[in-house]
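# Structural overview
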Amino acid sequence: MDVTELPKLYTIFNACALLHIILGLTMIKLGHKKPHIVSMIIALLFSTAFLGCYLYYHYHAGHVKFAGTGLTRPIYFTILFTHIPLAVLSLPMIIMTVVPALRSRFDKHKRMAKWTVPVWLYVSVTGIIVYLMCYVWYGPPIRA
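Residues numbered from 1 in each chain as written. Predicted model: local features only at pLDDT ≥ 70, side-chain atom pairs only at ≥ 80, totals over all residues. Heavy atoms only, no water.

## Quick word on the packing of aromatic side chains
Enumeration over the complete set of coordinates arrives at 12 aromatic pairs. A centroid spacing of 6.4 Å and a plane angle of 70 degrees characterise the contact between Tyr57 and Tyr135, whose relative ring orientation is edge-to-face. In this pair, Tyr57 is assigned in helix α2 (residues 33-61) and Tyr135 in helix α4 (residues 106-137), connecting sequence segments 78 residues apart. A relative accessible area of 1% places Tyr57 in the buried class. Note on Tyr135: relative accessible area 21%, which makes it partly exposed. Between Tyr131 and Tyr135, the aromatic rings sit 5.4 Å apart at their centres with planes inclined by 20 degrees, giving stacked as the arrangement. Of this pair, Tyr131 and Tyr135 are both found in helix α4, 4 residues apart, which corresponds to roughly one turn of the helix. Under the relative-accessibility criterion, Tyr131 is labelled buried at 12%. Among the aromatic residues, those joined into a cluster by ring pairs are Tyr10, Phe50, Tyr54, Tyr57, Tyr131 and Tyr135. (Phe/Tyr/Trp six-rings, centres within 6.5 Å; stacked < 30°, edge-to-face > 60°. Helix = DSSP H or I, 4+ residues; strand = E, 2+ residues; numbered from the N terminus. Buried < 20%, exposed > 50% of the residue type's maximum accessible area, 1.4 Å probe, protein only.)

## Looking at the packing of helix α3 (residues 72-102) against α4
At a minimum axis separation of 7 Å, α3 and α4 run at an interaxial angle of 150 degrees. With respect to their mutual orientation, α3 and α4 come out roughly antiparallel. When the axes of α3 and α4 are compared, the crossing they make is left-handed. (Axes fitted to C-alpha atoms, helices over the stretch in contact; angles between N-to-C directions. Parallel < 35°, antiparallel > 145°, perpendicular 65-115°, else oblique. Left-handed = near helix turned anticlockwise from the far one by under 90°.)

## Things to note about the environment of Ala87
For Ala87, the location among the structural elements is in helix α3. Residues Ala87 and Ser124, 37 residues apart in the sequence, show an inter-C-alpha distance of 8.5 Å.

## A word on the nonpolar core
Counting residues in hydrophobic clusters, the biggest one holds 7 residues: Phe66, Tyr76, Ile79, Leu80, Val130, Met133 and Cys134. Of all elements in the fold, only α3 and α4 reach the threshold of two or more residues within this core. Ranked by size, the runner-up nonpolar core spans 6 residues in total, among them Leu6, Tyr10, Cys53 and Val64. (Core = buried A, V, L, I, M, F, W, Y, C linked by side-chain atoms within 4.5 Å.)

What follows is the structure, encoded as structure tokens:
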């Protein structure tokens, strides 16, 4: 596998994490605790794989410039500039949600999850949109 193929792979990982977050949320709303736990563990594993691939790719590929023009540029950058800080924030939020669950402090887990889940969902969805805009819809990015 060539490093240029990693954006597609890490976006697939991100989409799989997104599906498991939604499935895990659905399971806990239905009162199915074990399927919730399994789905959330899988979401965490896919998110970890995503992050590893993403960091490896950008370490080797460096910065890439968005190739879109016209109105697509402000749309892309609005999405990107909301995505980036929330993506950075999501990691400690996820940790602060998982740790109480591991300690059987489900009251704290539930309180934190109410904030973490929407951020994690937003970051996952916008990450897929950024990939599509940057690598699929508006051509390959320009190497900086």
